[in-house]
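# A look at the structure
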Amino acid sequence: MAIANGDSMAPTIHDGEVLLIDHSDAEPRDGKVFALARGDEMVVKRLVRDFMGGWVVRSDNSDKARFGDFHVSDSAIRIVGRVVWRGGGL
């Protein structure tokens with residue numbers, strides 16, 4: 001489990017929500033949300049196939065000035081697991 005930190009995946013995942021991560025599911029799939037290790041940081045993003053067959057790491061937040069997309073090849077990324085559930089307070 002992990003706790004979402006920030007608004008980069010809003011409106012899908014909100015700051016402070018609890019995330020359940022399936023560590024056995026680490027194969028990239030188009031359109032699915034994954035926990036990714038990027039250096040010492042763990043981020044939760046959507047993986048999307050680009051037109052050349054590569055992978056784009058995408059935030060669901062529409063503010064691309066703050067939460068821009070990047071290609072997996074642009075930095076060292078390791079898939080930790082797929083986010084399979086989220087929950088938050090009332």
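The structure under discussion appears in the preceding block.
Report on the accompanying structure. (Residues numbered from 1 in each chain as written. Predicted model: local features only at pLDDT ≥ 70, side-chain atom pairs only at ≥ 80, totals over all residues. Heavy atoms only, no water.)

### Here we look at the pattern of salt bridges
The test is simple: What makes a salt bridge here is a side-chain nitrogen of Lys or Arg within 4 Å of a carboxyl oxygen of Asp or Glu, nothing more. Helix and strand assignments come from DSSP, with helices taken as H or I runs of at least 4 residues and strands as E runs of at least 2, each series counted from the N terminus. Throughout this description, buried means an accessible area under 20% of the type-specific maximum (1.4 Å probe, protein chains only), exposed means over 50%, and partly exposed covers the range between.
Applying the stated criterion across every chain, the model contains six salt bridges. For Asp-60, the salt bridge identified is with Arg-46, shortest N-O distance 2.7 Å. With Asp-60 in the loop between strand 5 (55-58) and strand 6 (70-71) and Arg-46 in strand 4 (residues 41-49), this residue pair connects regions lying 14 residues apart in the sequence. Between Arg-58 and Asp-69 there is a salt bridge, and its shortest N-O distance comes to 2.9 Å. On the criterion of sequence distance, the pair formed by Arg-58 in strand 5 and Asp-69 in the loop between strand 5 and strand 6 is long-range, its members being eleven residues apart. Given a relative accessible area of 30%, Arg-58 falls into the partly exposed group.

### Here we look at unusual backbone geometry
Residue Pro-11 follows Ala-10 across a cis peptide bond; omega there is 15 degrees. By the secondary structure assignment, Pro-11 is in the loop between strand 1 (2-3) and strand 2 (18-22).

### Thoughts on a nonpolar patch on the surface
Short version of the rule: Each patch is built from residues that are more than 30% exposed by relative accessible area and take part in no salt bridge. Like charges join if they lie within 9 Å; nonpolar side chains (Val, Leu, Ile, Met, Phe, Trp, Tyr) join within 5 Å. Per-residue and other accessible areas were derived by the Shrake-Rupley procedure at a 1.4 Å probe size, with only the shown protein chains allowed to occlude residues.
On the surface, Met-1, Leu-20, Val-84 and Trp-85 cluster together to form a nonpolar patch covering roughly 430 Å² of accessible area. Examined against the element boundaries, Met-1 turns out to sit in the segment before strand 1.

### Considerations on the pairing of strand 2
Looking along a regular strand, one sees the side chains alternate between the two faces of the sheet. For clarity, the cut-off: Paired strands, in this sense, are two strands between which DSSP finds at least two bridges.
Because side chains alternate across strand 2, one face comprises the buried residues Leu-19 and Ile-21, and the other comprises Val-18, Leu-20 and Asp-22, none of which is buried. Strand direction decides the pairing type here: strand 1 and strand 2, joined by two bridges, are antiparallel. Note on strand 2: the bridge partner recorded for Ile-3 is Val-18. As paired strands, strand 2 and strand 7 (residues 77-87) are joined by five bridges and run antiparallel to one another. Along strand 7, the bridge assignment pairs Leu-20 with Trp-85.

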